[in-house]
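Residues per chain are reported as follows:
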Amino acid sequence: MQNSFAIVATRTMQEYAEKVVQKLIRFPSFSEQAETISRVDTLKVSVFADGELEVYVDSSLRGQDVYLFANAARNMAGIPVEEAKIELYHAVDALKRSQAERIIVFEPYVSCSRSDRTTRRNSVGLWIHFKILASLGTNHIITYQLHSDKSKSMVDQTICAIDDVPGLTLLKKHLCDTYIQTIDQLYSVVKPHWAFCSVDAGGEKLARSFANAFGSPLVVAHKQRDYSKVNTVESINILSAEPIKGKTLWIVDDMVDTAGSVYSLIKTLATLEPAEINLLAVHAVFSPPAIDRLCELSSKGLLKHIMVTDTVFCPECFIEDLPNLEIVPSTEFSANIIATIAEDKSLGKLLKPFNAEEYLRRPRLL
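Residues numbered from 1 in each chain as written. Predicted model: local features only at pLDDT ≥ 70, side-chain atom pairs only at ≥ 80, totals over all residues. Heavy atoms only, no water.

Q: Pulling in residues and values, what's your account of the sheet that holds strand S6 (residues 140–144)?
A: With respect to topology, five strands assemble into an open sheet ordered S1-S4-S5-S6-S7, the strand pairing being parallel. Whereas interior strands pair on both sides, the edge strands pair on one side only; in this sheet they are strand S1 (5–9) and strand S7 (161–165). When the angles between neighbouring strand axes are averaged without regard to direction, this sheet yields 20°. Inspection of the sheet shows strand S4 (residues 65–69) paired to strand S5 (residues 102–106) by five bridges, in the parallel sense. Paired with leucine 68 across the strands is valine 105, a residue of S5. (Pairing = 2+ DSSP bridges. Helix = DSSP H or I, 4+ residues; strand = E, 2+ residues; numbered from the N terminus. Axes fitted to C-alpha atoms, helices over the stretch in contact; angles between N-to-C directions.)

Printed below as a string of structure tokens:
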């Protein structure tokens, strides 16, 4: 049985949410519900002269489960981080006051996810974010690929549930669909000639998930940082059980911010003479000077493919500057998540580890 629900969005995610709705209504169970579930633009923002804002709901959502799409990173509306966060918090409050049955915040990329380290005297941005959402009445948080597994423990799941969906699965499927395509290619090319490389020791788990999924070797980059400086890498050591020379390398990370780590790593890997070096990342944060660094690596022939998802908006100028940039859509996956929850089914199937051989052997519709 389907729960009654609606999909809304803050100003930063309206186009993304519209795409999710269009994907969702293609599912047989939801094909006749487009007008019912789509309330994407039902949240309105009033901005006062002093810069303060209010969010109000302009149609009834009483008794419905509401999926609120939001994002505080770079967005098509050009809204800065601080304003986008405040709008999200106001939106949750407005939905609560409008008597929504459940509020599910769907934040594909949580921009404060890197602020997850606790020391004696620092604030923890991610904890603050989750705390505010839960205290305002959010019932469920859904996101893609948080920066660390420990981040989920910041939410008291007796108050607010959280699902951190493995966004790397989107990239694994895209590799299969675009670069591999057949079982023969998997066994003759991928397994013997590809390798997956972590950006640092902390990212070994992410790279290992690719190595396991495709049956390819794992390469671990161990970098030394100067923590007195932000985004600074002092040195990199490469650990590999097999020679890297002649391999097709895929560097794996959850996000690319300034591309400082990637820039240093690719220059180090290039000295080991791989056949090519490619980059896989879920979130294309691309803070300056990331585009300049990636352009330099690409123009020198050191970086062949850059593959990211659409969890963070990439303007047309990025694509013009980086012709080798591939943006993998996540909207169909998001629609699938909503459909699963709306029908009270388990998300387990969407969260399980990806296996390339199983995926390539699946029946395909013509």
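Text resumes after the structure shown.
Q: How would you explain unusual backbone geometry if you had to name every residue and give the values?
A: The omega torsion of the bond from proline 288 to proline 289 falls at 5°, within 30 degrees of zero and hence cis. At glutamine 181, a position not held by glycine, the phi torsion is positive, near 75°. By the element assignment, glutamine 181 lies in the loop between helix H5 (168–180) and helix H6 (183–193). What makes glutamine 181 partly exposed here is its relative accessible area of 46%. (Buried < 20%, exposed > 50% of the residue type's maximum accessible area, 1.4 Å probe, protein only.)

Q: A description of the side chain of serine 151 should follow, citing residues and the corresponding values.
A: Structurally, the position occupied by serine 151 is in the loop between S6 and S7. We classify serine 151 as buried; its relative accessible area is 0%. Among residues more than four places away in sequence, those in contact with serine 151 are Asp116, Leu126, Phe130 and Leu146. (Contact = heavy atoms within 4.5 Å.)

Q: Can you break down the packing of helix H8 (residues 260–270) against helix H9 (residues 290–299) residue by residue, with the values?
A: Where H8 contacts H9, the two axes come as close as 9 Å, and the packing angle between them is 20°. Considering their axes alone, H8 and H9 lie roughly parallel with respect to each other. The handedness of the crossing between H8 and H9 is left-handed. Residues Gly260, Val262, Tyr263, Ile266 and Lys267 of H8 pack against Arg293, Leu294, Glu296 and Leu297 of H9. Within the contact of H8 with H9, the residues separate by chemical class into five nonpolar, one polar and three charged. (Parallel < 35°, antiparallel > 145°, perpendicular 65-115°, else oblique. Left-handed = near helix turned anticlockwise from the far one by under 90°. Nonpolar A, V, L, I, M, F, W, Y, C, P; charged D, E, K, R; others polar.)

Q: Which residues make up the environment of asparagine 278, and what values do they have?
A: Looking at the element boundaries, asparagine 278 is found in strand S12 (residues 276–284). In this structure asparagine 278 comes out as buried when scored by relative accessible area, which is 0%. Separated by 85 residues in sequence, asparagine 278 and proline 363 have C-alpha atoms that sit 29 Å apart. Among all residues touching asparagine 278, those that are not within four sequence positions of it are Thr248, Leu249, Trp250, Ile251, Leu303, Lys304 and His305. Side chain to side chain, asparagine 278 and glutamate 276 meet in a polar contact 3.1 Å long. (Polar contact = N/O pair within 3.5 Å; in protein donor to acceptor, adjacent residues only side chain to side chain.)

Q: Describe the packing of aromatic side chains, and please don't skip the residues or the numbers.
A: Counted by the stated rule, this structure contains 15 aromatic pairs. On the numbers, 5.7 Å between centres and 50° between planes, the contact of tyrosine 16 with phenylalanine 69 is tilted. With tyrosine 16 in helix H1 (residues 14–24) and phenylalanine 69 in strand S4, this residue pair connects regions lying 53 residues apart in the sequence. Looking at tyrosine 16, the relative accessible area reads 8%, which means it is buried. A relative accessible area of 0% places phenylalanine 69 in the buried class. Taken together, the ring pairs connect Tyr179, Trp194, Phe196, Phe210, Phe214, Trp250, Phe354 and Tyr359 into an aromatic cluster. The ring centre of phenylalanine 333 lies 5.4 Å from the NZ or CZ of lysine 173, which sits over that ring. (Phe/Tyr/Trp six-rings, centres within 6.5 Å; stacked < 30°, edge-to-face > 60°. Lys NZ or Arg CZ within 6 Å of the ring centre and 35° of its normal.)

Q: Can you explain the pairing of strand S14 (residues 325–328)? Please cite residues and give values.
A: Looking at chain direction, strand S13 (residues 306–309) and S14 are connected through four bridges and run parallel. Bridge pairing links threonine 309 to valine 328 in S14. Each parallel crossover has a hand, and for S13 linked through helix H10 (residues 316–321) to S14 it is right-handed. (Right-handed = clockwise from strand over helix to strand, strands pointing away.)

Q: How would you sum up the environment of phenylalanine 106? Please name residues and give values.
A: By the secondary structure assignment, phenylalanine 106 is in strand S5. Along the chain, phenylalanine 106 and asparagine 71 lie 35 residues apart, while their C-alpha atoms are 8.7 Å from each other. Not counting chain neighbours up to four residues away, the residues in contact with phenylalanine 106 comprise Leu68, Phe69, Ala70, Ile142, Tyr144, Ser334, Ile337 and Ile338.

Q: Account for the pairing of S1, naming residues and giving values.
A: Burial within S1 is extensive, with five of its five residues counted as buried. The two faces of S1 match: Phe5, Ile7 and Ala9 on one face and Ala6 and Val8 on the other face are all buried. In terms of strand pairing, S1 meets S4 through five bridges, oriented parallel. Across the sheet, the residue bridging to alanine 6 is valine 66, located in S4.

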